[in-house]
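Structure at a glance
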Amino acid sequence: GESVLHCRLPVSRDPKFYEKARKHRALPKRTKAEEVVLDEEKEQKLHKSDNFALEAVEYNPSQTLIAYTANVTGGDDEFTIVVKDIASGTLVRKLTKLAGVDNAGAEVAWVSDTVLLFTAQDERHASVKVAQLDLSAVFDQPSAAGSKLDVKKLKKDDVESPTAGISVVFTETQPGFEVGSLMRTAD
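This is a predicted model, so every value here is computed, not measured.

A few words on the pattern of salt bridges. Using the criterion set out here, one finds 4 salt bridges in the structure. For Glu41, the salt bridge identified is with Lys45, shortest N-O distance 3.5 Å. Here Glu41 pairs with Lys45, and both are found in helix H2 (residues 40-46), just 4 residues apart, close to one helical turn. With relative accessibility at 33%, the residue Glu41 sits in the partly exposed group. With a relative accessible area of 58%, Lys45 lands in the exposed category.

So, about the sheet that holds strand S5 (residues 79-85). Spatial strand order, S3-S4-S5-S6: 4 strands in an open sheet with antiparallel pairing. What marks the edges here is a single partner per strand, and that holds for strand S3 (53-59) and strand S6 (91-95). Strand after strand, the sheet turns through a mean of 15° between neighbouring axes, direction not considered. The sheet contact formed by strand S4 (residues 65-71) and S5 spans 7 bridges and is antiparallel. Each bridged residue has a counterpart across the sheet, and for Ala67 the counterpart in S5 is Val83.

A few words now on the side chain of Glu43. Positionally, Glu43 belongs in helix H2. Beyond its immediate stretch of four places on either side in the chain, Glu43 contacts Leu38, Phe52, Tyr68 and Lys84.

Counting residues in hydrophobic clusters, the biggest one holds 18 residues, and the most contacted among them are Ile81, Val83, Trp110, Leu116, Phe118, Leu133 and Leu135. Elements with a contribution of two residues or more to this core: S4, S5, S6, strand S8 (102-110), strand S9 (115-121) and strand S10 (127-134). Apart from the residues lying within four places of it in its own chain, the contact partners of Leu133 are Val83, Arg93, Leu95, Thr114, Val115, Leu116, Phe118, Ala164, Gly165 and Ile166. Membership of the second largest hydrophobic core comes to 9 residues, among which are Ile66, Tyr68, Val72 and Val82.

Below, the discussion takes up the environment of Ser62. Relative to the helices and strands, Ser62 resides in the loop between S3 and S4. Assessed through its relative accessible area of 28%, Ser62 is described here as partly exposed. Sequence separation between Ser62 and Asp113 is 51 residues; the distance between their C-alpha atoms is 6.3 Å. At 3.1 Å, the side chain of Ser62 and the side chain of Thr64 are in polar contact.

Let's shift gears to the confidence of the model for the protein. Looking at the protein as a whole, its pLDDT mean stands at 77, while 72% of the residues score no less than 70. Mean pLDDT values for the elements of the protein range from 64 in strand S7 (residues 97-98) up to 90 in S4. Across residues 142-146 the pLDDT falls below 50, and counting only partners more than four positions away or on other chains, this stretch makes 2 contacts in the model.

Our next topic: unusual backbone geometry. At Gln63, a residue that is not glycine, the phi angle is positive and equals roughly 60°. Within the secondary structure, Gln63 sits in the loop between S3 and S4. Look at Gln63 and you get partly exposed, because its relative accessible area is 38%.

Conventions used here
- Residues numbered from 1 in each chain as written.
- Predicted model: local features only at pLDDT ≥ 70, side-chain atom pairs only at ≥ 80, totals over all residues.
- Heavy atoms only, no water.
- Salt bridge = Lys/Arg side-chain N within 4 Å of Asp/Glu carboxyl O.
- Helix = DSSP H or I, 4+ residues; strand = E, 2+ residues; numbered from the N terminus.
- Buried < 20%, exposed > 50% of the residue type's maximum accessible area, 1.4 Å probe, protein only.
- Pairing = 2+ DSSP bridges.
- Axes fitted to C-alpha atoms, helices over the stretch in contact; angles between N-to-C directions.
- Contact = heavy atoms within 4.5 Å.
- Core = buried A, V, L, I, M, F, W, Y, C linked by side-chain atoms within 4.5 Å.
- Polar contact = N/O pair within 3.5 Å; in protein donor to acceptor, adjacent residues only side chain to side chain.
- pLDDT = per-residue confidence, 0-100.

Laid out in structure tokens, this is it:
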């Protein structure tokens, strides 16, 4: 089958570039500046899954990391959260079963370059918690505001840790209610 690619282009200062795109209702043929940031077929192979279904994709504010959620088991609402370094393709975090927050949910949203919020599900697969993943906890470097994480300093043992850098920030306590969508708003 065909592979679905998630790509990005730098902003073009040439107004004719966008005129051509509108006229042809598509971007011009692949340019050297185009960057593939996520290849669903490769990710499916990474997870060794025949049932890979991408749910959500989000870039961190500096666009150096990408987080996505995917159902890799084919089961009802069973998600894995993956964070990758875009430049190198390095796997930074992979979360499925989480200590203290049950199962990973389908929603993700970046708070900052190093902090990701995600929904977590209970045993009924209801999204009843919002958890925070602080990526600075899995790197051997100090976390300073505005500093970028260096994938060369990644603590390999913590990539699939169910606890490193994770804390619950909200729990829905009203029966019958769930956490809806997560999104970053303008500062």
